[in-house]
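Coordinates in review
Spelled out from the first residue to the last, the chains are:
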Amino acid sequence: MADRRRRAPSVVRALLDAHGSTYAEDAGIRLRDTPQPLYQLLVLSVLLSARIRSTVAVASARALFDAGMRDARRMADASWQARVDALGRGGYRRYDERTSTQLGEGAELVLRDYGGDLRRLRDAAGDDGELSRQLQKVPGLGPMGADIFLREAQRVWPGVAPRLGDKALQGARRLGLPDDPAELVRLAGASDPAALAAALVRAALDKGVVEELVGEAADSS
């Protein structure tokens, strides 16, 4: 146990160095507290919620944005087939038809209830729990998807930070790190909690990440 504690800071540093990009960054989203990138993060969160590889979800988000569907109005105005085609180009074929429908309905909801601006949703929610519940009204976005959105949005919504989530804590346990969010944030020092969360999620999803980093920490100790 003492050896594990001693190695924890080096494991966290190596994890962030190798895997500390957020999923939004991987999808080409320049996240800011403005309507368009926040909506793009919502789309990415819907895609990441399905039982499909995260790399495919990221590629499919990029394909949708490249096809011009970068905000809620353009997503709503796109045809169902145009959304299906873009998802297919990203490799998102198993769920493409259902997801196309969900994205169209979700865009209409965001426009109708929030004028295309998810900051209005945030401002109307009294606390993080209500914020999560409101996000889950978006078609295709369940508890896991809402957690993905907030985990990434904490970079520009500091009021929800630090937020790691169950999947990130699973990654911490696989790496032999403490599964206490406050302790993990302390170990990460000045690093962005969103980057820490994304890196820990990758450790939960990919055993190769765990083998690589635990080995590196052992070699450097």
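The structure displayed is predicted, hence computed values, not measured ones.

1. Focus on the overall build of the protein chain
- For the protein chain, the helix and strand inventory stands at 14 helices and 0 strands.
- Secondary structure of the protein chain in N-to-C order comes out as α-α-α-α-α-α-α-α-α-α-α-α-α-α.
- Compactness check: the protein chain gives a C-alpha radius of gyration of 18 Å against a globular reference of 17 Å for 221 residues, within 12% of the reference.
- For the protein chain, the spread of C-alpha atoms along the principal axes amounts to about 55 × 40 × 25 Å.

2. Some remarks on the nonpolar core
- One finds Leu64 and Leu200 to be the most contacted residues of the largest nonpolar core, which totals 77 residues.
- Tallying contributions element by element places helix α3 (residues 35-49) first for this core, with 9 residues.

3. Thoughts on the pattern of salt bridges
- Taken as a whole, this structure holds 13 salt bridges when the rule is applied.
- Here Arg202 makes a salt bridge to Asp26, at a shortest N to O gap of 2.6 Å. On the criterion of sequence distance, the pair formed by Arg202 in helix α13 (residues 193-205) and Asp26 in helix α2 (residues 23-26) is long-range, its members being 176 residues apart.
- On the accessibility criterion, Arg202 (13% relative accessible area) is buried.
- With its nearest N and O atoms 3.8 Å apart, the salt bridge here joins Arg74 to Asp71.
- By relative accessible area, which is 45% here, Arg74 ends up partly exposed.

4. Topic: the packing of helix α11 (residues 166-174) against α13
- For the pair α11 and α13, the least separation of the axes is 7 Å and the interaxial angle reads 65°. Comparing their axes, α13 and α11 come out roughly perpendicular. In the crossing of α11 with α13, the sense of the turn from one axis to the other is left-handed. Residue-level inspection shows Lys167, Ala168, Gln170, Gly171, Ala172 and Arg174 of α11 in contact with α13, the latter providing Ala197, Leu200, Val201, Ala203, Ala204 and Leu205.

5. What to know about empty space enclosed by the protein
- Taken as a whole, this structure holds 1 cavity of 30 Å³ or more when the rule is applied.
- Computed from the structure, the largest cavity encloses a volume of approximately 50 Å³.
- In terms of lining, the largest cavity is formed by Tyr39, Leu42, Val43, Val46, Gln102, Leu103, Gly106, Ala107, Val138 and Pro139.
- Elements that contribute at least two residues to the lining of the largest cavity include exactly α3 and α7 (96-114).
- Along the lines of polarity and charge, the residues of the lining of the largest cavity split into 8 nonpolar, 2 polar and no charged.

6. A word on the side chain of Gln40
- Mapping Gln40 onto the fold places it in helix α3.
- Non-local contacts of Gln40, meaning those with residues more than four positions away in its chain, are made with Ile29, Phe65 and Arg70.

7. Some words on unusual backbone geometry
- Between Ala161 and Pro162 the backbone carries a cis peptide bond, its omega angle lying at -5°.
- One can find Pro162 in the loop between α10 (143-153) and α11.

8. Looking at the side chain of Arg202
- A polar contact of 2.9 Å, which involves the side chain of Arg202, links it to the backbone oxygen of His19.
- At a separation of 2.6 Å, a polar atom in the side chain of Arg202 contacts the side chain of Asp26.
- Discounting chain neighbours no more than four positions away, the residues touching Arg202 are His19, Ser21, Thr22, Tyr23, Asp26 and Val209.

9. Section: the layout of surface pockets
- A volume near 540 Å³ is recorded for the largest pocket.
- As for the largest pocket, its lining consists of 24 residues, and the residues nearest its centre are Tyr23, Leu48, Ser54, Val201 and Leu205.
- When grouped by side-chain class, the residues that make up the lining of the largest pocket number 11 nonpolar, 4 polar and 9 charged.

10. Regarding the packing of aromatic side chains
- Applying the stated criterion across every chain yields a total of 2 aromatic pairs.
- Ring geometry for Tyr92 and Tyr95: centres 6.5 Å apart, planes at 55°, overall tilted. Side by side, Tyr92 and Tyr95 carry an identical accessibility label, which is buried.
- Ring centres of Phe149 and Trp157 lie 5.6 Å apart, and the angle between their planes is 70°; on these two criteria the pair is classed as edge-to-face. Both residues of the pair, Phe149 and Trp157, belong to the buried class.
- Sitting above the plane of the Tyr23 ring, Arg202 keeps its charged end 4.4 Å from the centroid.

Cut-offs used in this document
- Residues numbered from 1 in each chain as written.
- Predicted model: local features only at pLDDT ≥ 70, side-chain atom pairs only at ≥ 80, totals over all residues.
- Heavy atoms only, no water.
- Helix = DSSP H or I, 4+ residues; strand = E, 2+ residues; numbered from the N terminus.
- Rg over C-alpha atoms; globule rule 2.2 N^0.38 Å.
- Core = buried A, V, L, I, M, F, W, Y, C linked by side-chain atoms within 4.5 Å.
- Buried < 20%, exposed > 50% of the residue type's maximum accessible area, 1.4 Å probe, protein only.
- Salt bridge = Lys/Arg side-chain N within 4 Å of Asp/Glu carboxyl O.
- Axes fitted to C-alpha atoms, helices over the stretch in contact; angles between N-to-C directions.
- Parallel < 35°, antiparallel > 145°, perpendicular 65-115°, else oblique.
- Left-handed = near helix turned anticlockwise from the far one by under 90°.
- Contact = heavy atoms within 4.5 Å.
- 1 Å grid on protein atoms, 1.4 Å probe; cavity = no way out; pocket = protein on both sides within 12 Å on 5 of 7 lines; lining within 4 Å.
- Points joined across faces, edges and corners; volume = space filled by probe spheres on them.
- Nonpolar A, V, L, I, M, F, W, Y, C, P; charged D, E, K, R; others polar.
- Polar contact = N/O pair within 3.5 Å; in protein donor to acceptor, adjacent residues only side chain to side chain.
- Phe/Tyr/Trp six-rings, centres within 6.5 Å; stacked < 30°, edge-to-face > 60°.
- Lys NZ or Arg CZ within 6 Å of the ring centre and 35° of its normal.

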